[in-house]
Amino acid sequence: MWLTRLAGTLLPAMAFLSCLRPESWDPCVQVVPNVTYQCMELNLYKIPDNIPTSTKNLDLSFNPLGHLGSHSFSNFSELQVLDLSRCEIQKIEDDAYQGLKHLSILILTGNPIQSLAPGAFSGLPSLQTLVAVETNLPSLEDFPIRHLKSLKELNVAHNLIDSFKLPDYFSNLPNLEHLDLSNNKIRNIYHEDLQVLHQMPSFKLSLDLSLNPLDFIQPGAFEKIKLHELTLRSNFDSAEVMKMCVQGLAGLKIHRLILGEFKNERILVNFDKSALEGLCNLTIEEFRIAHFKDFPEDDLGFLNCLADASAISLGIFDGLISLQVLKMAGNSFQDAFLPNIFRDLTQLTVLDLSQCQLEQVSQEAFGSLLRLQVLNMSHNHLLSLDMLPYKNLSLWVLDCSFNRIVAANGQELQHFPSNVTSLNLTQNNFACVCEHMRFLQWVQDHRRILVGAEHMMCKKPLAMQGVPVLSFRNTTCQMNKTIISVSVLSVLVVSMAAVLVYKFYFHLMLLAGCKRYGKGDSIYDAFVIYSSHDEDWVRNELVKNLEEGVPPFQLCLHYRDFIPGVAIAANIIQEGFHKSRKVIVVVSQHFIQSRWCIFEYEIAQTWQFLSSHAGIIFIVLQKVEKSLLRQQVELYRLLSRNTYLEWEDSVLGRHIFWRRLRKALLDGKPWSPEGTVDAEGSQDETTTSI
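Please read all numbers here as calculations on a predicted model, not as lab measurements.

Another aspect to go through is the overall build of the chain. Tallying secondary structure elements over the chain gives 14 helices and 33 strands in all. Within the chain, the fraction of its 690 residues that count as buried is 46%. Considering only contacts within the chain whose residues lie at least 6 apart along the sequence, 66% involve residues at least 24 apart. Entry remark: accessible area of the chain is about 35500 Å², with carbon and sulfur atoms responsible for 51%.

Written as C-alpha cells, this is what we have:
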C-alpha cells in the first residue's frame, strides 16, 4: 500500500523529470548549463559526444586522450577556454584546433608531447593565453606559434629549454605581454639572444627567468632594451655569480625589477651587498627584494643607485626603535592586505594608514605598538569593523571613516579598546538589518565617543537608505517565531521531496513501468547486464548457447534490442527490465569499474523488489579481487550470501554451467511441465555430446 501511495504522490514530479535532457547522464559535470562542463579524471579516450556545441569552457584534464588529430574540436566553435592538462598527449597534428575562432585560453600542462606538427596551433585567431608547462619542450625555435598574433601570455615554465635565444618570430607577436621561462635549463644569456627584443613594443613585455641556473649574462646584452618586468628569483648559486649577472643587465630600462629567492628554494648561502652594485647601471622605476636570507637591512647603501625609483619594496623598519610618528598615507600593499610590518616600532604613537586601499588587516599588525595613541585608517576599503587587531592598544583616537564597513561581529566588539575617546565611523555602508542587531545596539550605547554619530547613515536595505543608524530600533526585529519555523520547515520538506524525487527518479520510473507492464507477458527471457569489455564472451558464448540451443531463450541485449533515438537510461528500464522475466548479471573486473553497469545493477535490485516474479542470476565471469569487489558493498553482500554461477572454461565445467543456467531460466517460463522436462533432457544430451 505504501508503494501505491508513494507512486501516486510522486508520479507528477516524475513526469516532469522525464523531460530532462539525456545529456544530464553524461559523465561530465555541468557547471553552467550549455556553457561550462568539467570532465576531469573520467578515463575518457575521446571527447564525449553529447556535450553541447554551445559550450564555452571545457575541462578535459587528467584523461588519457593520448593524441589530438586534425579538427579534434571542430564541433565546439564557441569554445573560449580549453583545459587539456595531463591528458597523456604525445602527438598534436596539423589543424588540431581548427575552427576554434573564439578560443582565448589553451592549457596543455603536464603532457609528454613528442610530436608537434607545424600547424598544430593553426585556426586560433583569438588565442591570448597558451600554457605549455612541463611538456618536454626543448626550445622555442621550433615551437609553432609564429602566427598567434593575438597571444598575450606564453607560459613554457618547467621544460627542457637551455637557450635564452628568442626566435625572430617573436617580432610577429605584437601583443605578447608575459613570457614565463622559469624552471628551465638556461645558464647563459648572450647579446645575440635578445636581438628580437629591440623590435618589441617598449615597456610591454614581462619576463620571468626564475629557477634557471644562471652562470653568465654577457655585458651589454640588455643594452637599450625596454621591459615592463624582469623576475630573477633563485637563479644564482653564489654572490659572485649574482654580482656578475646583475652587472650584465647594464643599460636595461625597466618598470619593475624583482630580485630574490623563494622560501622553499634557497640557493644563495651568503648574501653580499656588493652583488647589487650593478643596479647603478640600470634605469628602474620599481625595485623589489624577495626573501634573501641574511639580507643586510642595516646597510642599504646600494639604494643610492635607485634615487629615481618611484617604489622600493624591502620591508625595512628595523632599527627605527625611537620612531614616534609614521605617515604612510597613499601607499599600496600587496593583495590590499596589511601584514605585520611594524614589529620594531615599539615607541610609535601616531600612525597614518589612510588612502592605502586596504581591505584586510592582519590580527597581529599592531601587536607591538603598545604606545600607539592615534591611528588613521580612513579612506580605505575595509568591509568590517574588526576590533581584534586593536584589542591590546592604548588608543585614544581611531578614524575608520570613508570605508565600506557594513557592521562588526558582535563577539569582536568586546575587544574594543577601553581608552578610545574619539571613534569616527562616518561615510560607511552600514546595513541596518536584524542580522547586525548587536552592532547597531552597540552604536546606540557608545554614541558618546562617536564623531558625527548623527551623520552615520544606513545604506542597506533600500527601504532604510539615508535613515540615521541611531534611528534603528530592535523592535523592528521582533517577528513571529512560529511563522519563521513553519516557513523554514516547509522549505525543508519541499527541498527534501525534490531531492528524493531527483535521486530516485529512475527507480520511480521503474515503479510506474511495473504497474503498466505488470499484467502483460514478457518479450524476453532475460535482460543481460555486462561490461562492453566482456561483449565477446556474451556474443560467442552466452547468446550462442542460449538463443541457438534447445530450448531457445530470447535475450535482451543493448547493442541489438535497444530502440535508436531513445535515451540509454530509458531503454534500460523500458526495453530491458519491463519486458524481461529475469536479469542476468555478468560480473567481472570491468563490470565493477563501470558506472553504467553499477547503475543498471542498482535498478535491477529495485526491479526485483517491485516484481514478485522477477529474479537476478549472477554469473561471475572471472575471479574478482575482494578489495575491488568490496567497493560495491551491496553486490559483495549478495555474492557472499547467495548462490551464483561461475564460468569455468573446461568440458565438465561448461556442461555444469549451461545446465544450471538453463534450469534457472526455465523457472517461471510459461511452458507445459512435460515440454520443459523433455526440452531440458534434450539439451543435456546436446551439451554432453559437445
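There's more to say after this.
Moving on, we get to the nonpolar core. By size, the foremost hydrophobic cluster in this structure holds 83 residues, and its most contacted members are Leu84, Tyr97, Leu106, Phe121 and Leu130. Breaking this core down by element, the ones donating at least two residues are β15 (226–233), α2 (239–247), β16 (253–260) and β17 (283–290). Among the elements that line this core, the one with the most residues is α2, at 4 residues. Counting residues in hydrophobic clusters, the runner-up holds 49 residues, among them Leu372, Val443, Leu450 and Val469.

Before going further, it helps to examine the packing of aromatic side chains. The full count for this structure, using the stated rule, is 16 aromatic pairs. Measuring from ring centre to ring centre gives 6.0 Å for Tyr190 and Phe216, while their planes differ by 55 degrees; the resulting arrangement is tilted. With Tyr190 in the loop between β12 (188–189) and β13 (206–208) and Phe216 in strand β14 (residues 216–217), this pair connects stretches of sequence that are 26 residues apart. Taking relative accessible area as the criterion, Tyr190 reaches 33% and is therefore assigned partly exposed. By relative accessible area, which is 27% here, Phe216 ends up partly exposed. An angle of 80 degrees between the planes, with centres 5.4 Å apart, marks the rings of Trp537 and Trp647 as edge-to-face. Of this pair, Trp537 sits in helix α6 (residues 535–547) while Trp647 sits in the loop between β33 (645–646) and α13 (651–666), and the two are 110 residues apart along the sequence.

Another point: a nonpolar patch on the surface. Together, Val29, Val31 and Val32 make up an exposed nonpolar region whose accessible area comes to about 230 Å². Residue position: Val29 is located in strand β1 (residues 29–32). Accessibility expressed as a relative area gives 45% for Val29, which makes it partly exposed.

Turning to α2, its buried residues are Ala239, Val241, Met242, Cys245 and Val246. Down the axis of α2, the smallest arc covering the buried residues is 155 degrees, so these residues share one side. Residues of α2 that are buried in the fold lie against β14 and β16.

The next subject is the environment of Met437. Mapped onto the secondary structure, Met437 falls in helix α3 (residues 437–445). By relative accessible area, Met437 is classed as partly exposed at 30%. Taking the C-alpha atoms as reference points, Met437 and Arg473, separated by 36 residues in sequence, lie 8.8 Å from one another.

Okay, the sheet that holds strand β24 (residues 397–399) next. Strand pairing in a sheet is mediated by backbone hydrogen bonds. Such pairs are either parallel or antiparallel. Taken together, the 6 strands give an open sheet; going across it, the order is β19-β21-β23-β24-β25-β27, and neighbouring strands pair in parallel fashion. With one partner strand each, in any of the chains shown, β19 (325–327) and β27 (450–451) form the two edges of the open sheet. Bridge analysis of β19 against strand β21 (residues 350–352) gives 3 bridges, and the strand direction is parallel. Bridge pairing links Val325 to Val350 in β21.

Our next topic: the pairing of strand β32 (residues 615–620). Burial analysis of β32 places 6 of its 6 residues in the buried class, which makes it a mostly covered element. Alternating positions in β32 separate into two faces, Gly615, Ile617 and Ile619 on one and Ile616, Phe618 and Val620 on the other, with burial throughout. Taken together, the 6 bridges between strand β31 (residues 580–587) and β32 define a ladder with parallel strand orientation. From the neighbouring strand, Val587 faces β32, where its bridge partner is Val620. Pairing geometry for β32 and β33, over 2 bridges, is parallel. In the strand pairing of β33, Ile619 is matched with Leu645.

The subject of this paragraph is the sheet that holds strand β4 (residues 67–68). The strand order across the open sheet built from 3 strands is β4-β6-β8, with neighbouring strands paired in parallel fashion. Looking at which strands have only one partner, the edges of the open sheet turn out to be β4 and β8 (115–116).

Turning our attention to unusual backbone geometry. Trans peptide bonds make up most of the peptide bonds, and negative phi angles are found at most residues other than glycine. Of the consecutive residues Lys460 and Pro461, the connecting peptide bond is found in the cis state with omega at -5 degrees. Looking at the secondary structure, you find Pro461 in the loop between β28 (458–460) and α4 (481–503). Between Val550 and the following residue, Pro551, the backbone shows a cis peptide bond with an omega angle of -5 degrees. By secondary structure assignment, the location of Pro551 is in the loop between α6 and β30 (555–556). Even without being glycine, Lys224 reaches a positive phi, approximately 65 degrees.

Attention now moves to the state of the cysteines. Scanning the model with the defined rule gives 2 disulfides in all. The disulfide that involves Cys28 links it to Cys39, with 2.1 Å between the sulfurs. Looking down the S-S bond of the Cys28 and Cys39 bridge, the torsion is 110 degrees, so its handedness is right-handed. Residue Cys28 is located in the loop between α1 (2–17) and β1, and its partner Cys39 is located in the loop between β2 (36–38) and β3 (57–59); the two are separated by 11 residues in the primary sequence. Classification of Cys28 by relative accessible area gives buried; the value is 9%. Judged by relative accessible area, Cys39 falls into the buried class, the value being 0%. Two residues share a disulfide in this structure: Cys432 and Cys458, whose sulfurs sit 1.8 Å from each other.

Turning to its location among the elements, Gln444 is positioned in helix α3. By relative accessible area, Gln444 is classed as buried at 17%. Discounting residues that sit within four places of it in the chain, Gln444 has contacts with Val469, Leu470, Ser471, Phe472 and Arg473.

This next bit is on the pattern of salt bridges. Following the criterion strictly, the structure yields 12 salt bridges and no others. In this structure, Arg539 and Glu535 form a salt bridge, with 2.9 Å as the shortest nitrogen-oxygen distance. Here Glu535 and Arg539 lie together in helix α6, a separation of 4 residues that amounts to about one turn. Residue Arg539 is classed as partly exposed on the basis of its relative accessible area, which comes to 36%. The exposure class assigned to Glu535 is buried, which follows from its relative accessible area of 16%.

Here the focus is helix α8 (residues 568–577). Taken across its 10 residues, α8 has 8 buried, putting it largely inside the fold. Those residues of α8 that fall on the buried side of the exposure criterion are Ala569, Ala570, Asn571, Ile572, Ile573, Glu575, Gly576 and Phe577.

We now examine the packing of α6 against α13. At a minimum axis distance of 11 Å, the contact between α6 and α13 shows a crossing angle of 65 degrees. By crossing handedness, the relation of α6 to α13 is classed as right-handed. Residues Trp537, Glu541, Leu542, Asn545 and Leu546 of α6 lie in contact with α13, whose contacting residues are Arg654, Phe657, Trp658, Leu661, Arg662 and Leu665.

Rules behind the numbers
- Residues numbered from 1 in each chain as written.
- Predicted model: local features only at pLDDT ≥ 70, side-chain atom pairs only at ≥ 80, totals over all residues.
- Heavy atoms only, no water.
- Helix = DSSP H or I, 4+ residues; strand = E, 2+ residues; numbered from the N terminus.
- Buried < 20%, exposed > 50% of the residue type's maximum accessible area, 1.4 Å probe, protein only.
- Contact = heavy atoms within 4.5 Å.
- Areas by Shrake-Rupley, 256 points an atom, 1.4 Å probe, with all protein chains shown as cover.
- Core = buried A, V, L, I, M, F, W, Y, C linked by side-chain atoms within 4.5 Å.
- Phe/Tyr/Trp six-rings, centres within 6.5 Å; stacked < 30°, edge-to-face > 60°.
- Patch = residues over 30% accessible without salt bridge, like charges linked within 9 Å, V, L, I, M, F, W, Y side chains within 5 Å.
- Salt bridge = Lys/Arg side-chain N within 4 Å of Asp/Glu carboxyl O.
- Arc of directions from axis to C-beta.
- Pairing = 2+ DSSP bridges.
- Disulfide = S-S within 2.5 Å.
- Axes fitted to C-alpha atoms, helices over the stretch in contact; angles between N-to-C directions.
- Left-handed = near helix turned anticlockwise from the far one by under 90°.

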